[in-house]
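# Chain and residue survey
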Amino acid sequence: MSTGQDDSAVVAGARATGTAEEVADARGRDRAVARARLWEPLAQWMFIVPAAAYLLLFFGYPIVKNIVMSFQQYTITTFYTGAAPFVGLQNYSKILSSDLFSKAMVTTVLFTAGSLVGQFVLGLAFALFFQRRFPLGRVLRSLLLLPWLLPLVVSGTTWRWMLDPDTGVVNDALRRLHLSSSGIPWLTGTSQALVSVILINIWVGIPFNTAILYGGLQDIPTHLYEAAKLDGAGPVASFRHVTWPLLRPVVSVVLVLGVIYTVKVLDIILVVTGGGPANATQTIATQSYELSFQQFEFGRGAAMSNVLVVISLAFALVYLRANRRARNL
């Protein structure tokens, strides 16, 4: 029997057999229950409405505005005249048919794949290493987070100085060790520049991968390793049959977040190479920035950023679906 039915029965019983005070008390309890039922959903909405308003204002509106802008001829004159005529799919047609877009797409794929592989492999290696207890282990784990805590502009500026072909400490060390007489054009060579920004992004992303994977390793029960050891499994077999299967959900999160973050990396490339030399490090993210804030073609820049969002969402959906199927097998 529900609470409302119980209270109604109490009121009815009080009216039939009780005194006037008991009837009044029963009626008061009935009114209190009714008020509580009225205020309960209202209180729930009081918590939901501010969060929903915040999301709509600071997330929903920019997304909708960016989508609308991608179908308009939105330039710097629009800020003065207010005129932004709709051009349909013209902005998308221009960016998708340009030679620079195809090159930026290839660069984005190489940059994302290289960064993910390096960050994940080294992050997993560090996570497995720090799983063991040794002196100063906590201190070293804390120091490992420094690249992740530094602003990307600071990290990029520091690495640009270190990799400078003429005065950088990296080439200076190579010359002193007699490994290179003239130095390596880290930032001026068309092939070396892309490798350089990938290495820098790997350095920045290692702490994130290490922290998440280390947390996943801590959730694996130790008795499973003990049982595997009793069965004669070595370190490789234990990793293959115990660590990796139980770590796969965490790996999925790390890889998906890594792709979403890496495809939109802008700070490091702009600070270190600026998209050069000869557009060798021009990605979709940097091309969107260049269209919007250097050429002031905001409509085309918005279209380029929407393409980037679609690519990120498509990868996330495909990977999560494939991972779900693998778990169900």
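Everything here concerns the structure above.
Residues numbered from 1 in each chain as written. Predicted model: local features only at pLDDT ≥ 70, side-chain atom pairs only at ≥ 80, totals over all residues. Heavy atoms only, no water.

Let us now look at the overall build of the protein chain. When its secondary structure is counted, the protein chain shows 15 helices and zero strands. Evaluated residue by residue, the protein chain yields a buried proportion of 34% over its 329 residues. Residue pairs at least 24 apart in sequence account for 64% of intrachain contacts in the protein chain once pairs closer than 6 positions are excluded. As displayed, the protein chain has an accessible area near 20,200 Å², and 67% of this comes from carbon and sulfur atoms. (Helix = DSSP H or I, 4+ residues; strand = E, 2+ residues; numbered from the N terminus. Buried < 20%, exposed > 50% of the residue type's maximum accessible area, 1.4 Å probe, protein only. Contact = heavy atoms within 4.5 Å. Areas by Shrake-Rupley, 256 points an atom, 1.4 Å probe, with all protein chains shown as cover.)

Once that is clear, we can look at the packing of aromatic side chains. Tallied over the full model, the rule gives 15 aromatic pairs. The interplanar angle of 80 degrees and the centroid separation of 6.3 Å between the aromatic rings of Phe293 and Phe298 together place this pair among those described as edge-to-face. When its relative accessible area of 12% is taken as the criterion, Phe298 is described as buried. Taken together, a centroid distance of 6.3 Å and an interplanar angle of 55 degrees make the contact between Phe296 and Phe298 tilted. (Phe/Tyr/Trp six-rings, centres within 6.5 Å; stacked < 30°, edge-to-face > 60°.)

Attention now goes to a nonpolar patch on the surface. Taken together, the side chains of Leu136, Val139, Leu140, Leu143, Leu146 and Leu149 present a nonpolar region at the surface, about 590 Å² in accessible area. Elements supplying a minimum of two residues to the nonpolar patch: α6 (137-144) and α7 (146-149). Position of Leu136 among the secondary structure elements: in the loop between α5 (99-130) and α6. The class of Leu136 is exposed, set by a relative accessible area of 62%. (Patch = residues over 30% accessible without salt bridge, like charges linked within 9 Å, V, L, I, M, F, W, Y side chains within 5 Å. Salt bridge = Lys/Arg side-chain N within 4 Å of Asp/Glu carboxyl O.)

A cis amide bond links Gly276 to the next residue, Pro277, at an omega of -5 degrees. Along the chain, Pro277 falls in the loop between α13 (267-272) and α14 (284-293). The backbone of His178 shows a phi angle near 60 degrees, a positive value even though the residue is not glycine. Residue placement: His178 occurs in the loop between α9 (169-176) and α10 (190-218).

In this section: the side chain of Asn306. Note on placement: Asn306 falls in helix α15 (residues 298-328). Take Asn306: its relative accessible area is 12%, and that puts it in the buried class. Residues in contact with Asn306, not counting those within four places in the same chain, are Asn66, Ile67, Ser70 and Tyr92.

What follows deals with the environment of Gln90. Along the chain, Gln90 falls in helix α4 (residues 90-97). Judged by its relative accessible area of 37%, Gln90 is partly exposed. Between the C-alpha atom of Gln90 and that of Ser70, which follows or precedes it by 20 residues, the distance is 9.0 Å.

Here we come to the packing of α10 against helix α12 (residues 235-262). At a minimum axis separation of 10 Å, α10 and α12 run at an interaxial angle of 150 degrees. Classed by the angle they form, the pair α10 and α12 counts as roughly antiparallel. Considering how the two elements wind past one another, α10 and α12 form a crossing that is right-handed. The segment α10 lies against α12, with Asn201, Val204, Phe208, Asn209, Ile212, Leu213, Gly216 and Leu217 engaging Thr243, Leu247, Val250, Val251, Val254, Leu257, Tyr261 and Thr262. Residues that form the contact of α10 with α12 fall into these classes: 11 nonpolar, five polar and no charged. (Axes fitted to C-alpha atoms, helices over the stretch in contact; angles between N-to-C directions. Parallel < 35°, antiparallel > 145°, perpendicular 65-115°, else oblique. Left-handed = near helix turned anticlockwise from the far one by under 90°. Nonpolar A, V, L, I, M, F, W, Y, C, P; charged D, E, K, R; others polar.)

The next subject is the nonpolar core. Among the nonpolar cores identified, the biggest contains 18 residues, and Phe111, Leu163, Ile200, Ile268 and Val272 are the most heavily contacted of them. Breaking this core down by element, the ones donating at least two residues are α8 (152-162), α10 and α13. Beyond its immediate sequence surroundings of up to four residues, Phe111 is in contact with Leu194, Val197, Ile198, Asn201, Thr262, Val265 and Ile269. One finds Leu144, Ile220, Val242 and Leu255 within the second-largest nonpolar core, a separate group that totals 15 residues. (Core = buried A, V, L, I, M, F, W, Y, C linked by side-chain atoms within 4.5 Å.)

What follows concerns α8. Leu152, Ser155, Gly156 and Trp159 are the residues of α8 that are buried. For α8, the angular spread of buried residues about the axis comes to 95 degrees, placing them on one side. (Arc of directions from axis to C-beta.)

Attention now goes to the environment of Ala227. Within the secondary structure, Ala227 is located in helix α11 (residues 222-230). Classification of Ala227 by relative accessible area gives partly exposed; the value is 37%. As for Ala227 and Ser238, which are separated by 11 residues in sequence, their C-alpha atoms are 9.7 Å apart.

According to the stated counting rule, one finds one salt bridge in the structure shown. The shortest N-O distance in the salt bridge between Arg176 and Asp172 comes to 2.9 Å. With Arg176 and Asp172 both in helix α9 and four residues apart, the pair spans about one turn of that helix. By relative accessible area, which is 32% here, Asp172 ends up partly exposed.

Let us now look at the side chain of Thr281. With respect to the secondary-structure elements, Thr281 resides in the loop between α13 and α14. Engagement of the side chain of Thr281 in a polar contact is seen with the side chain of Thr273, the distance being 2.7 Å. At a separation of 3.2 Å, a polar atom in the side chain of Thr281 contacts the main-chain carbonyl oxygen of Gly275. In contact with Thr281, other than residues within four places in its own chain, are Thr107, Ala193, Leu194, Val197, Ile269, Thr273, Gly275, Gly276 and Thr286. (Polar contact = N/O pair within 3.5 Å; in protein donor to acceptor, adjacent residues only side chain to side chain.)

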